[in-house]
Amino acid sequence: MICKTLCFASAKGGSGKTVVAASLAKLLGALGRKVVLIDADAATNGLTLFNLQEVRKWGEISISQGNEPLGIFEWDRDGPPPGIMRLDSNVFFLPATFAFQNTENTLPDRFRMSLTSAVQIMREEYEFIIIDAQAGSDVFACVAMSREVSDEVVIVAEYDPVSAAGVERLKGLLRNDLTYDRTWVLLNKMLPDFAKSYGDFLEVAKYLPPLPWDSDVIMAYARRKLAINLEEVNEYTIGFLRMAETLLGDEVKSSFEKWKTKLESQLRRPLLIRQHELEAKLDALVHLRADLENSGRAKRRRAVLSLYVFATAIMTSLIWAVTFTSPDYRAWPAWILFVIGIVSLVLFSVAHTMWTRVSRTADLEVERARLRRQERYLEDKLKTVQSLVSADFDEIVKGSGRTS
């Protein structure tokens, strides 16, 4: 088994290298690769603090079993084995310290021997060794970035003039170790849209595709979580995959392609279901609007009929009025007068009823307009879903949240 050792370093603190290192380990572990993380940051013990609860729990268990757990800054290659703990099914971790002592007091020569020996031992068991080095160019960082420890070095930096100058300074100070063939520069904390458009240019210059930085990443880190997610994939995960493919190349290409194919199928399935749902809703709206149009035509016919009825009622009322004001109406038979009165009342009642129905035509127009708005809304949604169904992987991931 061929093992690859990657060292994540930075010219100054705050670049996010610890999160990047941990995220890469999580990604590789989720793809079935066996990975070990090493916290080689003597100043902050960043990875150890990020996994503080797990480190304390594992340390307590080891002590209860009669074993003293040793971090990389506590371990002596001539003593018991280092305290490698499991973080996930395929991800393991060697903390900086279990006793939380001042690791900056560690002798540089002892640290060099410990880290070199630990890496040599781990090469027999793990596919990837990921080292989180100390920021800057002090002796601990230099050891982690050296050729005898790491196969390749990734310098993580923010995208600003000070960080850019710091990267060049670091390359200049360690020109024998940070050569072009084994050194990458990764720009972190970029705006998502800029990160995507800038990635192709950076790859030519031995820069890795930059990583996007948004509120999801910040919130996850605040909760001691990693924003990378292979189940409910997000834009940060896609950016991370693009970076990892460039960094690791053929070593993980098959694993990435297999995962992407599986995930793409999972993402397309709800899109197809959503497409059928929208088509059914749109079809139902079209039929409902057609029924409404037919109902409107019927009401217009009734409106014409009501005009005739109303005119007849008026004429009958006039005849009735003239009849009762005629001097000789008393000579008429009583039943004629009764029939005239009944007919007038019936005609007025029918006219009132039909005019009431016709008055609802305005409500009908309002309902028709509402249905047309819903129809246009569903048509827009359907176009979005149809475009995603036929889109590539990145676009499906980016747009899948807009289809609900």
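Residues numbered from 1 in each chain as written. Predicted model: local features only at pLDDT ≥ 70, side-chain atom pairs only at ≥ 80, totals over all residues. Heavy atoms only, no water.

Caption draft 1: Region of interest: the pattern of salt bridges. Within the structure shown, the criterion is met by nine salt bridges. Across the pair Glu158 and Lys12 runs a salt bridge, and its minimum N-O distance is 3.4 Å. Pair noted here: Glu158 is in strand β6 (residues 152-158) and Lys12 is in the loop between β1 (4-9) and α1 (17-30), with a separation of 146 residues, a long-range link. Given the relative accessible area of 23%, Glu158 is considered partly exposed. Of the charged contacts in the structure, one is a salt bridge between Arg274 and Glu277, with a shortest N-O distance of 3.7 Å. (Salt bridge = Lys/Arg side-chain N within 4 Å of Asp/Glu carboxyl O. Helix = DSSP H or I, 4+ residues; strand = E, 2+ residues; numbered from the N terminus. Buried < 20%, exposed > 50% of the residue type's maximum accessible area, 1.4 Å probe, protein only.)

Caption draft 2: Region of the structure containing empty space enclosed by the protein. Enumeration according to the criterion identifies one cavity of 30 Å³ or more in this entry. One number sums up the size of the largest cavity: a volume of about 40 Å³. If you go around the largest cavity, the residues you meet are Ala11, Lys12, Ser15, Ile155, Val156, Ala157, Glu158, Ser163 and Val167. Elements with a contribution of two residues or more to the lining of the largest cavity: β6 and α6 (161-173). Among the elements that make up the lining of the largest cavity, the one with the highest residue count is β6 (four residues). Its residues assigned to classes, the lining of the largest cavity comprises five nonpolar, two polar and two charged. (1 Å grid on protein atoms, 1.4 Å probe; cavity = no way out; pocket = protein on both sides within 12 Å on 5 of 7 lines; lining within 4 Å. Points joined across faces, edges and corners; volume = space filled by probe spheres on them. Nonpolar A, V, L, I, M, F, W, Y, C, P; charged D, E, K, R; others polar.)

Caption draft 3: A look at the pairing of β6. Within β6, six of the seven residues are buried, leaving the element largely enclosed by the surrounding structure. Bridging between β1 and β6 involves four bridges; their strand directions are parallel. Counted as the bridge partner of Ala9 is Ile155 from β6. As paired strands, β6 and strand β7 (residues 183-188) are joined by six bridges and run parallel to one another. Its bridge partner lying in β7, Val153 is registered against Thr183. The handedness of the β6 to β7 crossover, carried by α6, is right-handed. (Pairing = 2+ DSSP bridges. Right-handed = clockwise from strand over helix to strand, strands pointing away.)

Caption draft 4: Focus on the nonpolar core. Ranked by size, the top nonpolar core spans 49 residues in total, and within it Phe8, Leu24, Leu27, Ile130, Phe240 and Leu247 carry the most contacts. Discounting chain neighbours no more than four positions away, the residues touching Leu27 are Ile228, Leu230, Phe240, Leu241, Ala244 and Phe256. Grouped together as the second largest cluster of nonpolar side chains are 41 residues, Leu94, Val119, Tyr126 and Ala141 included. (Core = buried A, V, L, I, M, F, W, Y, C linked by side-chain atoms within 4.5 Å. Contact = heavy atoms within 4.5 Å.)

Caption draft 5: Representation of unusual backbone geometry within the structure. The backbone of Asn45 sits at a positive phi, close to 50 degrees, despite the residue not being glycine. Following the sequence through the fold, Asn45 ends up in the loop between β2 (35-40) and α2 (46-50). Owing to a relative accessible area of 10%, Asn45 belongs among the buried residues under this scheme. Within the chain, Lys189 stands out as a residue other than glycine whose phi angle is a positive 65 degrees. Mapped onto the elements of the fold, Lys189 is located in the loop between β7 and α7 (192-204).

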